[in-house]
Amino acid sequence: MSGDLKWNKIFGAALGTAFVILVVQQASGLIYHSEPPEKMGYFVDAPDEVAGAEQAELPPDWGTVLPTADLAAGEAAFARCQACHNATQGGAPAG
């Protein structure tokens, strides 16, 4: 008989751990088994990309747009909005 059976304990622990992992994997596969649907969900009609198609428009670069903004033009545009809305945060609509 070998001395303290150190290596037998290590190999036994490794085999026992592997056995537990395999049993848990198989049991969870049985418990949480899911069937694929008989009929697929919604069809999404996505057109194929055409070689000559235009690329999507990118948002403006605000670092170059803001310095050239016209404050008077913005105030004039907002004057039309004030017919129905007020400018207070969380305030009720005017009128």
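Up top you'll find the structure we're talking about.
Everything numeric here is computed off the predicted structure, so don't read it as measured data.

The rules behind each value
Residues numbered from 1 in each chain as written. Predicted model: local features only at pLDDT ≥ 70, side-chain atom pairs only at ≥ 80, totals over all residues. Heavy atoms only, no water. Helix = DSSP H or I, 4+ residues; strand = E, 2+ residues; numbered from the N terminus. Buried < 20%, exposed > 50% of the residue type's maximum accessible area, 1.4 Å probe, protein only. Areas by Shrake-Rupley, 256 points an atom, 1.4 Å probe, with all protein chains shown as cover. Polar contact = N/O pair within 3.5 Å; in protein donor to acceptor, adjacent residues only side chain to side chain.

### Overview of the overall build of the chain
Part 1 of the argument: Looking only at helices and strands, one finds three helices and zero strands in the chain.
Part 2 of the argument: Of the regular secondary structure in the chain, the N- to C-terminal order runs α-α-α.
Part 3 of the argument: Counting only residues that meet the buried cut, the chain has 0% of its 95 residues in that class.
Part 4 of the argument: Accessible surface for the chain amounts to roughly 9600 Å². Of this, 63% is attributable to carbon and sulfur atoms.

### Things to note about the environment of Thr68
Part 1 of the argument: Mapped onto the elements, Thr68 comes out in the loop between α2 (62-65) and α3 (71-81).
Part 2 of the argument: Within the local environment of Thr68, its side chain forms a polar contact with the backbone oxygen of Val65, the two atoms lying 2.9 Å apart.

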